[in-house]
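# Reading the structure
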Amino acid sequence: MTRCPKCESSETLNVKFVGHSGIVAYPEVQRNKLFPKCSGIHARACAKCGHIFDFTLDKPENFTPFVTLD
């Protein structure tokens, strides 16, 4: 059973965040006229304290154009 990292409760559940076409992300620094990218997000939520944790993108490949090589 996954426990909440904030309150240690075992009352956690899987949740999914979606919008019209998924969650929309914009790069903090605009490079090469990149358009916003979308993906659904899965996470865990605590039913006791409301903390949301362990976020995972449905389509992480959509965000590779935002990666900067330092």
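Everything below is about the structure printed above this text.
To start, this report covers the structure provided alongside it. (Residues numbered from 1 in each chain as written. Predicted model: local features only at pLDDT ≥ 70, side-chain atom pairs only at ≥ 80, totals over all residues. Heavy atoms only, no water.)

## Digging into the packing of aromatic side chains
For clarity, the threshold we go by: Two rings from Phe, Tyr or Trp (for Trp, the six-membered ring) form a pair when their centres sit within 6.5 Å of each other. Planes less than 30 degrees apart are called stacked, planes more than 60 degrees apart edge-to-face, and all others tilted. What counts as a helix is a DSSP run of H or I of at least four residues, what counts as a strand is a run of E of at least two, and both are numbered from the N terminus. Exposed residues in this analysis have more than 50% of their type's maximum accessible area, buried residues have under 20%, and partly exposed residues fall in between, with area computed by a 1.4 Å probe over protein chains only.
Per the counting criterion, the structure on display carries one aromatic pair. On the numbers, 6.0 Å between centres and 25° between planes, the contact of F17 with F55 is stacked. You can see F17 sitting in strand β1 (residues 12–17) and its partner F55 sitting in strand β5 (residues 52–57), a full 38 residues away along the chain. Taking the relative accessible area as the measure of exposure, F17 reaches 30% and is therefore partly exposed. We classify F55 as exposed; its relative accessible area is 52%.

## Quick notes on the pattern of salt bridges
Filter applied, for reference: By convention in these notes, a salt bridge is any Lys or Arg side-chain nitrogen within 4 Å of a carboxyl oxygen on Asp or Glu.
Inspection of every chain in the model, using the stated rule, returns one salt bridge. Where K16 meets D58, a salt bridge forms, and the shortest distance between an N and an O atom there is 3.2 Å. Of the two residues, K16 is situated in strand β1 and D58 in the segment after β5; the sequence distance between them amounts to 42 residues. Judged by relative accessible area, K16 falls into the partly exposed class, the value being 48%.

## So, the side chain of T12
Going by this rule: Under this definition, polar contacts are N or O atom pairs within 3.5 Å; protein pairs additionally need one hydrogen-donor-capable and one acceptor-capable atom, and for neighbouring residues in sequence, both atoms have to be side-chain atoms. Residues are treated as being in contact if the distance between any of their heavy atoms lies within 4.5 Å.
As for its position among the elements, T12 is in strand β1. Judged by relative accessible area, T12 falls into the buried class, the value being 12%. Here the side chain of T12 touches T2 through a polar contact of 2.9 Å, landing on its backbone oxygen. At 2.5 Å, the side chain of T12 forms a polar contact with the side chain of R44. Beyond its immediate sequence surroundings of up to four residues, T12 is in contact with M1, T2, R3, C4, R44, A45, C46 and F53.

## Some thoughts on the environment of R3
For R3, the position within the fold is in the segment before β1. For R3, a relative accessible area of 48% puts it in the partly exposed group. Between the C-alpha atoms of R3 and R44, which are 41 residues apart in sequence, the distance is 9.5 Å. Filtering out sequence-adjacent residues up to four positions away, R3 remains in contact with E8, S9, S10, T12 and F53. At 2.6 Å, the side chain of R3 forms a polar contact with the backbone oxygen of E8.

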